[in-house]
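Next come the chains, spelled out residue by residue.
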Amino acid sequence: MKGFNKYLLLLLLPLFLTSNGSLAAQSESSAQEIIQNQHGKLVWADLYTGDVNASLKFYQKTFGWTVKAFAKGSTKYHILYDNGQAIAGVLARDSKRNKTDNALWVGSIDTDNVTSRIELSAKNNGTIILAPHEFKLYGKRAVLADPQGAIIALLELDLTNKNHQKMSTKWDWAQLFSTNTKKAATFYQDAFDYTIEPLNTNKDSFFLIQSESVQASIVNLPESFEQRDRWVNFIEVNNITAVLSKATTYGATIIYHAKDKGVAILSDPNGAFLGLTEQESE
Amino acid sequence: MKRFSTLLLTATVTISTLLITSCENTHVSGSMSYGVGYGAGYPMYYGNGYHSHSSIVVVKPRRNNRSRPSHGQPRPARAKRR
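Residues numbered from 1 in each chain as written. Chains lettered and ligands numbered in written order. Predicted model: local features only at pLDDT ≥ 70, side-chain atom pairs only at ≥ 80, totals over all residues. Heavy atoms only, no water.

Enquirer: So, the overall build of chain B: which residues are in play, and what are the values?
Expert: Of the regular secondary structure elements, chain B holds one helix and zero strands. The burial tally for chain B puts 17% of its 82 residues in the buried class. For chain B, the exposed surface amounts to about 7,300 Å²; the carbon and sulfur share of it is 59%. (Helix = DSSP H or I, 4+ residues; strand = E, 2+ residues; numbered from the N terminus. Buried < 20%, exposed > 50% of the residue type's maximum accessible area, 1.4 Å probe, protein only. Areas by Shrake-Rupley, 256 points an atom, 1.4 Å probe, with all protein chains shown as cover.)

Structure representation (structure tokens):
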């Protein structure tokens, strides 16, 4: 009987190995599918701040996020975690480098090929701020300013790096406030391969479409703001009112709050704009 | 002495209760409003740093309304390049 068991195991071994292999291939292909389906979507954001400690404290207290530091010295990079899932990066920056803000959220848009998109951006009058580089945690990344000065990052997720599966999916929306929406729409169409959908008859507001989904919007920058294009990245929260209440307690300013739409924009104590959207019921 | 203190305490409680309940209005009339206490009309909610910009527009479709399976929309007129 023992001998029989041995032979049976030997016979079953190839079957076991092939089924395991096919499972692995299946999970890899599904990961690839997920990543392809989110090209053009805001998937990550980094906070560049002149006061790292103050920024970290604010986001920890307001959102209940935890923090972990990577590297040391001037290259120190902090990652904020929401319920154990990486949600954002925080980097020190010399505030003198930016004329107006002490801090700035830079959203990362998922893309198929960072290098080619950056080349296209440069051809379309974009300015490359950080050339394509390996973002060790998730893949390849680059930062650029569009022709009207709005700063945005591109992120090409590395399929072999499983860390990206631990990224939070709470980045919900991105909106560009622009001084010239048509010019901006044309740039993102040509360089990032978005399809444009005008929102009104004036054709001065647009949806940006990619991967068969509306991924972002472009609207006019109100005159009450400094006339400099800027992206605002929106993160999903359970209860906007509660978050705003905490945020103001810890020094933020509320810029906009549409209670009926479940949308708000705050300026954190260091001047970085962050959008909030309320979790939608299924 | 102890008896006197107890008596005094009981008398105080009884008189206080009578005084308080005599002021109570048990007849509900008129409208009742529940102030939410926050929002654009209540700057104290936002602290000193509330600067509402009514001209801001945020255009965000609901998650279940973002699908664009066949988007054949025309491209906008190209802005003149420098």
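The rest of the description comes next.
Enquirer: For the nonpolar core, give the residues involved together with the corresponding values.
Expert: By size, the foremost hydrophobic cluster in this structure holds 52 residues, and its most contacted members are Tyr188(A) and Leu276(A). Apart from residues lying up to four places away in sequence, Leu276(A) is in contact with Phe63(A), Phe234(A), Ile235(A), Val237(A), Ile240(A), Val243(A), Leu244(A), Gly262(A), Val263(A), Ala264(A) and Leu266(A). Core analysis: the second largest hydrophobic core is formed by 19 residues, Trp173(A), Val263(A), Ile265(A) and Ile56(B) among them. (Core = buried A, V, L, I, M, F, W, Y, C linked by side-chain atoms within 4.5 Å. Contact = heavy atoms within 4.5 Å.)

Enquirer: Account for helix α3 (residues 114-123) of chain A, naming residues and giving values.
Expert: Residues and elements named next belong to chain A. Inspection of α3 places Val114, Arg117, Ile118 and Ser121 among the buried residues, and these make up the whole buried set. Down the axis of α3, the smallest arc covering the buried residues is 100 degrees, so these residues share one side. Considering only its buried residues, α3 is in contact with β6 (127-135), β7 (139-145), β8 (151-157) and α4 (181-192). N-capping of α3 is provided by Asn113, with a side-chain oxygen placed 3.1 Å from the backbone N of Thr115. (Arc of directions from axis to C-beta. Polar contact = N/O pair within 3.5 Å; in protein donor to acceptor, adjacent residues only side chain to side chain.)

Enquirer: Could you give an account of the packing of aromatic side chains, naming the residues involved and the relevant values?
Expert: Residues and elements named next belong to chain A. For the structure on display, the rule yields 17 aromatic pairs over all chains. An aromatic cluster of at least three residues, connected via ring pairs, comprises Phe58, Tyr59, Phe63, Trp65, Trp105 and Trp171. The aromatic ring of Phe135 is capped on one face by Arg141, whose charged end is 5.5 Å from the ring centroid. The positively charged end of Arg230 is found above the aromatic ring belonging to Phe273, 4.4 Å away from the centroid. (Phe/Tyr/Trp six-rings, centres within 6.5 Å; stacked < 30°, edge-to-face > 60°. Lys NZ or Arg CZ within 6 Å of the ring centre and 35° of its normal.)

Enquirer: Please provide a residue-by-residue account of helix α5 (residues 240-249) of chain A, values included.
Expert: Residue and element names in this part refer to chain A. Among the residues of α5, Ile240, Val243, Leu244, Ala247 and Thr248 are the ones counted as buried. Looking straight down α5, one finds its buried side chains confined to an arc of 130 degrees; they lie on one side. Where α5 is buried, its residues touch α2 (52-63), β13 (230-237), β14 (253-258), β15 (263-267) and β16 (273-278). Two or three places before Thr241, at the start of α5, stands the capping residue Asn239, its side-chain oxygen 3.1 Å from that residue's backbone nitrogen. Two residues or fewer after α5 comes Gly251, characterised by a positive phi angle close to 105 degrees.

Enquirer: So what about the pairing of β6(A)? Which residues, and what values?
Expert: All names here are of chain A. Pairing of β6 with β7, which is carried by six bridges, proceeds in the antiparallel orientation. When the sheet's bridge partners are listed, Thr127 is paired in β7 with Ala145. What sits between β6 and β7 in their antiparallel hairpin is a turn of three residues. (Pairing = 2+ DSSP bridges.)

Enquirer: Quick rundown of the side chain of His39(A)? Include the residues and the values.
Expert: Residue and element names in this part refer to chain A. Mapped onto the secondary structure, His39 falls in the loop between α1 (2-37) and β1 (42-49). At 2.5 Å, the side chain of His39 and the side chain of Asp110 are in polar contact. In this structure, His39 is in contact with Asp110, Thr111, Asp112, Gln210, Ser211 and Gln215, ignoring residues within four places of it in sequence.

Enquirer: Could you give an account of the sheet that holds β1(A), naming the residues involved and the relevant values?
Expert: All names here are of chain A. In space, the eight strands of this open sheet follow the order β2-β3-β4-β1-β5-β8-β7-β6, with mixed pairing throughout. Of all strands in the sheet, those with a lone pairing partner are β2 (66-70) and β6, marking the two edges. If you compare each strand with its neighbour and ignore which way they point, the axes differ by 25 degrees on average. Strands in contact with α3 are β6, β7 and β8; relative to β7, the strand with the most contacts, it is inclined by about 10 degrees. (Axes fitted to C-alpha atoms, helices over the stretch in contact; angles between N-to-C directions.)

Enquirer: Summarise the packing of α2(A) against α5(A); cite the residues concerned and give the values.
Expert: All names here are of chain A. Taken N-terminus to C-terminus, the directions of α2 and α5 make an angle of 145 degrees; their axes are 9 Å apart at the nearest point. Crossing geometry of α2 relative to α5 is assigned as right-handed. Two secondary-structure elements touch here, α2 through Phe58, Lys61, Thr62 and Phe63 and α5 through Val243, Lys246 and Ala247. Residues that form the contact of α2 with α5 fall into these classes: four nonpolar, one polar and two charged. (Left-handed = near helix turned anticlockwise from the far one by under 90°. Nonpolar A, V, L, I, M, F, W, Y, C, P; charged D, E, K, R; others polar.)

Enquirer: Describe the packing of α3(A) against α4(A), with residues and values.
Expert: Helix packing for two helices is described by the angle between their axes and how far apart those axes are. Residue and element names in this part refer to chain A. In contact at an axis separation of 8 Å, α3 and α4 are set at 140 degrees when each is read in the N-to-C sense. Between α3 and α4, the angle falls in the class oblique. Helix-helix and strand crossings are classified by hand; for α3 and α4 the assignment is right-handed. Where α3 approaches α4, its residues Arg117, Leu120 and Ser121 are matched on the opposing element by Phe187, Asp190, Ala191 and Phe192. Here the residues of the contact of α3 with α4 sort into four nonpolar, one polar and two charged. (Parallel < 35°, antiparallel > 145°, perpendicular 65-115°, else oblique.)

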